[in-house]
Amino acid sequence: MPEYEFVDVYVPRGVSRKEATRLLTDHAEYGHWELDRLSLHRDGSRRVRLRRRIIRQLRATW
């Protein structure tokens, strides 16, 4: 079963949709994050949860 690490990103209400998309795209491209959950609040702010897979390497025995 894969393990994930999570990060929460808060996008305030004054940020346009285009800027929010660019911010999340940068996280995805450079940090290898993917979208897990997005919450749009009544005041226009967004709370985004991103996740990325934790890859554990097993030690080779010789």
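Residues numbered from 1 in each chain as written. Predicted model: local features only at pLDDT ≥ 70, side-chain atom pairs only at ≥ 80, totals over all residues. Heavy atoms only, no water.

On inspection of all chains with the given rule, the structure shows five salt bridges. The partner of Glu3 in a salt bridge is Arg56, and the shortest N-O contact between them spans 3.2 Å. Taken together, the positions of Glu3 in strand 1 (residues 3-11) and Arg56 in the segment after strand 3 (46-54) put the pair 53 residues apart, joining distant regions of the chain. On the basis of relative accessible area, Arg56 is assigned to the exposed category, the value being 57%. In this structure, the salt-bridge partner of Glu19 is Arg22, at a minimum N-O distance of 3.0 Å. With Glu19 and Arg22 both in helix 1 (residues 17-31), this residue pair falls three residues apart, about one helical turn. The exposure class assigned to Glu19 is partly exposed, which follows from its relative accessible area of 37%. (Salt bridge = Lys/Arg side-chain N within 4 Å of Asp/Glu carboxyl O. Helix = DSSP H or I, 4+ residues; strand = E, 2+ residues; numbered from the N terminus. Buried < 20%, exposed > 50% of the residue type's maximum accessible area, 1.4 Å probe, protein only.)

Another aspect to go through is the sheet that holds strand 1. Strand order in the open sheet formed by three strands is 1-3-2, with antiparallel pairing between adjacent strands. Edge positions in the sheet fall to strand 1 and strand 2 (34-40), since each has one partner strand and no second. Between one strand and the next, the sheet's axes are offset by a mean angle of 20°, whatever the strand orientation. In terms of strand pairing, strand 1 meets strand 3 through nine bridges, oriented antiparallel. In the sheet register, Glu5 faces strand 3, and the bridge partner there is Arg52. The sheet strands contacting helix 1 are strand 1 and strand 3, and the helix crosses strand 3 at an angle near 10°. (Pairing = 2+ DSSP bridges. Axes fitted to C-alpha atoms, helices over the stretch in contact; angles between N-to-C directions. Contact = heavy atoms within 4.5 Å.)

On the surface, a cluster of nonpolar side chains totalling about 320 Å² of accessible area is made up of Leu35, Leu38 and Leu40. Within the secondary structure layout, Leu38 lies in strand 2. With relative accessibility at 45%, the residue Leu38 sits in the partly exposed group. (Patch = residues over 30% accessible without salt bridge, like charges linked within 9 Å, V, L, I, M, F, W, Y side chains within 5 Å. Areas by Shrake-Rupley, 256 points an atom, 1.4 Å probe, with all protein chains shown as cover.)

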